[in-house]
Amino acid sequence: MQGRRSDGQTKALSRLVAIAAGTTGTIGGTGRTGAGDRLARVRSAIISCERCPRLRDYCARVAQEKRRAFRDEIYWGRPVPGFGDPRARVLIVGLAPAAHGANRTGRVFTGDGVGGSGDFLISALYRAGFANIPTSHHPDDGLHLRNAFIAAVVRCAPPANKPTPDEIARCLPHLDAELGALPRVSVVVALGKIGFDAYLQLLKQRGVVLRPRPEFAHAATYDLPNGQTLIGCYHPSRQNTNTRKLTAAMMDEVFQLAACLAAVPARR
Ligand code: SF4
């Protein structure tokens, strides 16, 4: 972010500052009371986190060097907090921000290109009634989630999309804090085996005993002792969607199931 900024860049910078302060509509537009206030505090803690030098260095370097198509934009370049409805019953757990997607835009599953993982996920959420539009291109695109919140196990873009086990362990407290600020969550959709296993790791840290241990499979559903239902889902990466390992119909199966389960009060 060196040198003189154009008007457009100044507006973009103001926008990023607003995201950092949690004053935009990125947490569902339901106001800043109760769960919204708690989430705003969690957001601030995530955005200022510096626990992983390798990831912080990588994100800052990508934000400085940029991809040619985005050379006139100011990248977010910070850890990316979750996004969605503070009153969500459904929590979606992804892996990590994309280097030129959420690391650029500052919003999870946002800006990774037409037909990328963001559009694939959000279009499924739209069809299931959780999202008001079927795409996720920019923090100003008007996307709002209803009854759903999207988070990730790692909040900084990792090189080659591969966080280390230590980095996942260091970042899990952020997911724990977001979960603590989402009191109505009763259904968790874990995207990919890494996200699924990380969520099990978090449950173990929370004292939830899982026997037998749930195994990741697409659309596999587990009733957990804490009253939540955990659903596995293949990650909507381009690798999975381009090879049709994951299709739109398979995503619909998961999120229509999540919508049905979320309509039922959590078992406690
Ligand atoms: S990956 Fe998580 S724990 Fe590590 S620096 Fe980023 S926000 Fe902090």
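So, here is what we can say about the structure in this document. Residue positions are given per chain, counted from 1 along the sequence in the order it is written. Two thresholds apply to this predicted model, a pLDDT of at least 70 for residue-level local features and 80 or more for giving and counting side-chain atom pairs, whereas whole-chain, interface and lining totals are computed over all residues.

### Topic: the site of the ligand
- Defining nearness, a residue is near a molecule or strand when the C-beta atom obtained from its backbone falls within 6 Å of it. Close contacts around the ligand come from 15 residues, with C49, C52, P79, C156 and C171 the closest.
- For the shell around the ligand, the secondary-structure elements that each account for two or more residues are α3 (53-65) and α6 (165-180).
- Going along the chain from the N terminus, every DSSP run of H or I of four or more residues is numbered as a helix, and every run of E of two or more is numbered as a strand. With four residues, the single largest contributor to the shell around the ligand is α6.
- Residues that form the shell around the ligand fall into these classes: eight nonpolar, one polar and six charged. Polar here means any residue outside two lists: the nonpolar Ala, Val, Leu, Ile, Met, Phe, Trp, Tyr, Cys and Pro, and the charged Asp, Glu, Lys and Arg; Gly therefore counts as polar.

### A word on the environment of P134
- Note that P134 resides in the loop between α5 (117-127) and β3 (148-152).
- Three exposure classes are used, all based on how many other C-beta atoms lie within 10 Å of a residue's own C-beta (placed from the backbone): buried at 20 or more, exposed at 12 or fewer, and partly exposed between those limits. Of the residues examined, P134 has 13 C-beta atoms within 10 Å and is grouped as partly exposed.
- Considering only alpha carbons, one finds P134 and L121, 13 residues apart in sequence, at a separation of 8.7 Å.
- Any pair of residues counts as being in contact when their C-beta atoms, constructed from backbone geometry, are within 7 Å of one another. Beyond its immediate sequence surroundings of up to four residues, P134 is in contact with I122, S123 and Y126.

### Concerning α5
- The buried fraction of α5 is high, at nine of eleven residues.
- Those residues of α5 that are buried lie in contact with β3, α8 (238-242) and α9 (248-262).

### Observations regarding helix α7 (residues 192-205)
- Expected helix span is taken as 1.5 Å per residue step, with the number of steps being one fewer than the number of residues. With 14 residues, α7 should cover 20 Å at 1.5 Å per step; its first-to-last C-alpha distance of 20 Å lies within 8% of that length.
- Buried residues along α7 sit in contact with β2 (90-94), α6, β4 (187-191) and β6 (229-233).
- The positive-phi residue at the C-terminal boundary of α7 is G207, with phi of around 85°.

### Side note on the sheet that holds strand β1 (residues 83-84)
- Here we have six strands laid out as an open sheet, ordered β1-β3-β2-β4-β6-β5, and mixed in their pairing. The sheet is open, and its two borders are formed by β1 and β5 (221-223), each paired with just one other strand.
- Here five bridges tie β4 to β6, and the two strands are oriented parallel to one another. Paired with V189 across the two strands is I231, which belongs to β6. The rule for pairing is simple: two strands pair if DSSP sees at least two bridges between them.

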